[in-house]
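# Architecture and fold: a report
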Amino acid sequence: MAPREAGTPSRTLLLRDLAHRTTEDDLRAFFARVAPAGFRSARLRKDRAQTTIGFAYYASVDDADAALRVARSHKLCGKVPSIFFARSTTAAPTNGGAHTTN
């Protein structure tokens, strides 16, 4: 099976294959440490299969692209996650963490 491509560049990164113990605080600390330029916020959610996935939000596509390239080689909670550009049009959470869409 060929490796999945990163997708169309966007300001939002999608993380899969997370360690079960990963928290939102872990996710925020990970991106603040390994790819801080333009980092805005991060959150965890459940997908349709009830698997935990993560999102990291960046100020620009260039910042997210740089973060994707760097973060792919680092462990988060003892495991290297799969990281891609998110396909959705979700925007970074604002207004105290409320999640908005375009």
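Refer to the structure presented above.
Report on the accompanying structure. The model shown is predicted, which means the values in this text are computed figures rather than measured ones. (Residues numbered from 1 in each chain as written. Predicted model: local features only at pLDDT ≥ 70, side-chain atom pairs only at ≥ 80, totals over all residues. Heavy atoms only, no water.)

## Concerning the overall build of the chain
What counts here: Each helix corresponds to a stretch of at least 4 residues labelled H or I by DSSP, and each strand to a stretch of at least 2 residues labelled E; elements are numbered beginning at the N terminus. Three exposure classes are used, based on accessible area relative to the maximum for each residue type with a 1.4 Å probe and protein chains only: buried under 20%, partly exposed in between, and exposed over 50%. Only the protein chains shown count as cover for residues, and all accessible areas are computed by the Shrake-Rupley method using a 1.4 Å probe.
Within the chain, the regular secondary structure consists of 2 helices and 4 strands. Reading the secondary structure of the chain in the N-to-C direction produces β-α-β-β-α-β. When burial is assessed residue by residue, the chain has 41% of its 102 residues classed as buried. Summing over all exposed atoms, the chain offers an accessible surface of approximately 6200 Å²; the carbon and sulfur share of this is 50%.

## Some remarks on the nonpolar core
Applicable threshold: Residues belong to one nonpolar core when they are buried, are Ala, Val, Leu, Ile, Met, Phe, Trp, Tyr or Cys, and are joined through side-chain atoms within 4.5 Å. Residue contacts are counted whenever heavy atoms from the two residues lie within 4.5 Å of one another.
Core analysis: the largest hydrophobic core is formed by 22 residues, its most contacted members being Leu13, Leu15, Leu27, Phe31, Tyr58 and Leu76. Looking at this core, the elements that each hand over two or more residues are strand 1 (12–16), helix 1 (24–34), strand 2 (39–46), strand 3 (52–58), helix 2 (61–71) and strand 4 (82–85). Residues within four places of Leu13 in sequence aside, it is in contact with Phe31, Gly54, Phe55, Ala56, Tyr58, Ala64, Ala67, Leu68, Ile83, Phe84, Phe85 and Ala86.

## What to know about helix 1
Under the convention used in this document: Each direction from the helix axis to a C-beta atom contributes to the arc, which is the arc of those directions.
Residues of helix 1 that are buried include every one of Leu27, Phe30, Phe31 and Val34, and no others. Projected down its long axis, helix 1 carries its buried residues within an arc of 85°, all on one side. More than 90 degrees from the buried face of helix 1, the exposed residues found are Asp25 and Arg33. Of the surrounding secondary structure, the elements contacted by the buried residues of helix 1 are strand 1, strand 2, strand 3 and helix 2.

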